[in-house]
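# Topology and contacts: notes
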Amino acid sequence: MSLEKRDEFDHHAWLKEKDLTAIERVFLTTLVVLDKRLRIVDYLELLEDAYYKINLQMPKSHTEQYDLDNKFWYWYPLYSLGFFSVLAYIVAAVSGALLGFYYAPSTASTAAGTPVAYASIKTIMQDIQFGFALRSIHRWSAQIMMAAVFLHMLRVYFTGSYKEPREVNWLLGIILISLSMVFGYTGYLLPWNQLAFWAGQIGVKMSLSVPIVGEWGAQMLFGGFSLGQPTIIRMYILHVFILPFVVTALIALHVGIVWVQGIAEPH
Amino acid sequence: MSDTDTTDDARTDGGEETADSESTNTRADGGPASETSGTSSELRSDGGETGIVAPDDEVPTWSERKERKAGLSRLTYEYFERSRREDQELRQESDYVERDVLGFPTWPHEIIRNGAISLFFVGMMILIAAALPPSLEMPANPSATPSIILPDWYLYWSFGLLKLNPLNPGLAVLDGGKIISDQLYGVLANIVVVGAVAFLPFLNKGSARRPVEQPFWAAIGVGGAVFSFTIAALAVQNLIPLPLSLQLNIVFIAPVVIGTMTYALLKTLREGYMYGLNRRYYMLRPPK
């Protein structure tokens, strides 16, 4: 749907013909700019509506209005999965920020012969007050976020919510789910235990198998062709600095588009 | 109060006249003019009514009140009227079919509904975290390869795709040599799967929303979901007591079989389902 703007609604021409004072012109220009971007006119209508509404009443949802509840109520819990994965993401972010106070990304050996990173996790688990709870919450919220995201994707597929006006959000969702998995991967490499090390080995092998850019990619992501201090630092920076910014921004965009386009009808 | 009719005319012609402030201000205290004119002449000793009147067609709207003012607010009003009219005309020119409800609003419907469910889930999450704290395995040891190497569960499907190397074809012209390495084959399989999923909305368009309306696409979805499990089982092939060739067959045949069953089931349900839906639809929008 592409529509030509009509000349009579050329607000700039209208502004000129009005012959305004400087103050009026500045005011009106600001108003036009803001309204074009934020649709202030809609919010004024909302205010108007609220002002005159004496008996407040929840507007009916689509399913209530058309009496579809009896048929489709069972979809409803599934419609909260997206929101719920955002909540799990927030819980993981908060607990992760707190874990970051105690974690040290280093593979250097401690006196006990274990890597410093591993030892710091051990300290969190054993010595720090509620440290085990913090790590537990962080880990479980990450796991549950992944589960919620996958189920969210299934819900979107089986209710056809990815269709025509919403393609961009589906693509954004694919990017987000991939980045979430990278988030998880970089996260479970950090304790530098056996699982972390050998998962890292697989990552390096995968990267090296790609022709032309593979070696360059391995150097950039893993800091070389074998695992060590550069690897854990890269994973740490990815996990606590780069990915949080990128993923949070994309989530905001994803939710913003849902807000603008409306939730797809549950049938 | 005899000039009520002329006032109304002046108000509805787009607000070009501003000189009618005197006559309209008398009406701005709310309520239809014809009813209040009788009581306002009498002397009221009880303080009168609240002045709050349920909105009806006679009550001036917020923008109508705004219209009577001068200066910047007048300017604001004029601009908003213009942009409102612009929207209206664009809507009328558009070939887009307007429906009553295009989607139901995020606030308050979705947020309240989701909030209740989500608070429950956050509580549940913390409960699980308290009950099942994560273990800490042995520290990294490059010289001891563990017998089972597995990523977290949500990467099993990807790890399973990496183990598709038995399907990497050897070419006769290369004396059974492979054109791409087994590792690259796995990486490409990942890219193909993610790419196919990303391409979905460009293949399946239209307004059908529910599985019964499109049994084929529902079958594809169920098949895909089943494949994500069977391929994940391939990732843990050394834990499953089946020969590899049989397992590879299951990986690809099970999704097709279950997808076909889904298709058949939905085709069977379809008639009854669509009957009910059509009945509802035509009750709302009777055919002309």
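Summarised in this report is the structure supplied together with it. The shown structure was predicted, so the numbers you read here are calculated from the model rather than taken from an experiment. (Residues numbered from 1 in each chain as written. Chains lettered and ligands numbered in written order. Predicted model: local features only at pLDDT ≥ 70, side-chain atom pairs only at ≥ 80, totals over all residues. Heavy atoms only, no water.)

## Section: the pattern of salt bridges
Counted only if it meets this: Any Lys or Arg side-chain nitrogen found within 4 Å of a carboxyl oxygen on Asp or Glu counts as a salt bridge. Runs of E in the DSSP output that reach at least two residues are strands. Runs of H or I that reach at least four are helices, and both are numbered from the N terminus. Any residue under 20% of the maximum accessible area for its type is buried, any over 50% is exposed, and the rest in between are partly exposed; the area is computed with a 1.4 Å probe on protein chains only.
For the structure shown, the criterion picks out 4 salt bridges over all chains. Between Asp152(B) and Arg139(A) there is a salt bridge; the shortest N-O distance is 3.8 Å. Placement of the pair is Asp152(B) in the loop between helix 6 (106-131) and helix 7 (156-162) and Arg139(A) in helix 8 (residues 131-158), with the two residues belonging to separate chains. Between Glu167(A) and Lys205(B) there is a salt bridge, and its shortest N-O distance comes to 3.5 Å. Of this pair, Glu167(A) sits in helix 9 (residues 167-189) while Lys205(B) sits in the loop between helix 8 (182-203) and helix 9 (215-235), which puts the two residues in different chains. With relative accessibility at 38%, the residue Lys205(B) sits in the partly exposed group.

## Focus on the packing of aromatic side chains
To be explicit about the condition: Any two of the Phe, Tyr and Trp rings considered here, Trp counted by its six-membered ring, make a pair once their centres fall within 6.5 Å; the pair's planes then place it as stacked at under 30 degrees, edge-to-face at over 60, or tilted in between.
Applying the stated rule across the entire model yields 18 aromatic pairs over all chains. Ring geometry for Tyr185(A) and Tyr188(A): centres 5.7 Å apart, planes at 75 degrees, overall edge-to-face. With a gap of 3 residues between them, Tyr185(A) and Tyr188(A) both fall in helix 9, about one helical turn apart. Note on Tyr185(A): relative accessible area 15%, which makes it buried. Tyr188(A) gets classed as buried once you look at its relative accessible area, which sits at 5%. Ring geometry for Phe199(B) and Phe202(B): centres 5.7 Å apart, planes at 45 degrees, overall tilted. Of this pair, Phe199(B) and Phe202(B) both sit in helix 8, 3 residues apart, roughly one helical turn. A residue is classified by how much of its surface remains accessible, and Phe199(B), at 46% relative accessible area, is partly exposed. On the basis of relative accessible area, Phe202(B) is assigned to the partly exposed category, the value being 37%. Among the aromatic residues, those joined into a cluster by ring pairs are Tyr157(A), Phe158(A), Tyr162(A) and Trp170(A).

## Notes on the packing of helix 8 of chain A against helix 9 of chain A
What describes two packed helices is the angle between their axes and the distance between those same axes. All names here are of chain A. For clarity, the threshold we go by: Axes here mean lines fitted to C-alpha atoms, for a helix over just the part in contact, with angles spanning 0 to 180 degrees between N-to-C directions. Angle categories: roughly parallel below 35 degrees, roughly antiparallel above 145, roughly perpendicular from 65 to 115, and oblique for all the rest. Less than a right angle of anticlockwise turn of the near helix away from the far helix marks a crossing as left-handed, whereas a clockwise turn marks it as right-handed. Residue contacts are counted whenever heavy atoms from the two residues lie within 4.5 Å of one another. In this classification, the charged set is Asp, Glu, Lys and Arg, the nonpolar set is Ala, Val, Leu, Ile, Met, Phe, Trp, Tyr, Cys and Pro, and all remaining amino acids, among them Gly, are polar.
Packing of helix 8 against helix 9 leaves a shortest axis separation of 11 Å and a crossing angle of 160 degrees. Comparing their axes, helix 9 and helix 8 come out roughly antiparallel. Considering only the axes of helix 8 and helix 9, their crossing is left-handed. Of the residues in helix 9, those touching helix 8 at Met 145, Met 146, Val 149, Phe 150, Met 153, Val 156 and Tyr 157 are Trp 170, Ile 174, Ile 177, Ser 180 and Met 181. Of the residues contributing to the contact of helix 8 with helix 9, the split by class is 11 nonpolar, 1 polar and no charged.

## With respect to the nonpolar core
Short version of the rule: As used here, the term nonpolar core means buried Ala, Val, Leu, Ile, Met, Phe, Trp, Tyr and Cys residues forming a set that is joined through side-chain atoms within 4.5 Å.
Membership of the largest hydrophobic core comes to 53 residues, with the highest contact counts inside it found for Val247(A) and Ile231(B). Ranked by residue count, the leading element in this core is helix 9 of chain A, at 9 residues. Residues contacting Val247(A), with those up to four places away along its chain left out, are Tyr89(A), Leu176(A), Leu179(A) and Phe183(A). Ile174(A), Ala198(B), Leu200(B) and Trp217(B) belong to the second-largest nonpolar core, a separate cluster that totals 12 residues.

## Observations regarding the packing of helix 6 (residues 81-100) of chain A against helix 12 (residues 229-261) of chain A
Residue and element names in this part refer to chain A. Packing of helix 6 against helix 12 leaves a shortest axis separation of 12 Å and a crossing angle of 155 degrees. Regarding the angle of helix 6 to helix 12, the classification is roughly antiparallel. Here the hand of the crossing between helix 6 and helix 12 comes out left-handed. Taking contact as the criterion, the partners of Val 86, Tyr 89 and Gly 100 in helix 6 are, on helix 12, Tyr 236, Pro 244, Val 247, Thr 248, Ile 251 and Val 255. Partitioning the contact of helix 6 with helix 12 into residue classes produces 7 nonpolar, 2 polar and no charged.

## What about the environment of Leu20(A)?
For Leu20(A), the location among the structural elements is in the loop between helix 1 (11-18) and helix 2 (22-38). Of the residues examined, Leu20(A) reaches a relative accessible area of 13% and is grouped as buried.

## Structural notes on a nonpolar patch on the surface
Residues and elements named next belong to chain A. Applicable threshold: Each patch is built from residues lacking any salt bridge and having more than 30% relative accessible area; the joining distance is 9 Å for like charges and 5 Å for nonpolar side chains (Val, Leu, Ile, Met, Phe, Trp, Tyr). The Shrake-Rupley method, run with a 1.4 Å probe, gives the accessible areas here. Residue values count only the displayed protein chains as cover.
There is a patch of nonpolar side chains on the surface, built from Ile 233, Ile 237, Val 240, Phe 241, Ile 242, Phe 245 and Val 246 and spanning about 600 Å² of accessible area. One can find Val 246 in helix 12. For Val 246, a relative accessible area of 37% gives the class partly exposed.

## Structural notes on the side chain of His138(A)
Residue and element names in this part refer to chain A. Condition: Nitrogen and oxygen atoms within 3.5 Å of one another constitute a polar contact, given that in protein one can donate a hydrogen and the other can accept it, and given that sequence-neighbouring residues count only through two side-chain atoms.
Looking at the secondary structure, you find His 138 in helix 8. Engagement of the side chain of His 138 in a polar contact is seen with the side chain of Ser 95, the distance being 3.2 Å. Residues contacting His 138, with those up to four places away along its chain left out, are Ala 92, Ser 95, Gly 96, Leu 99 and His 239.

## Quick word on helix 6 of chain A
Here is the rule we go by: In this analysis, the expected span of each helix is defined as 1.5 Å times one less than the number of residues it contains.
Along its 20 residues, helix 6 of chain A runs 28 Å from first to last C-alpha, staying within 8% of the 28 Å computed at 1.5 Å per residue. Within helix 6 of chain A, the full set of buried residues consists of Leu81(A), Gly82(A), Phe84(A), Ser85(A), Ala88(A), Tyr89(A), Val91(A), Ala92(A), Ser95(A) and Leu99(A).

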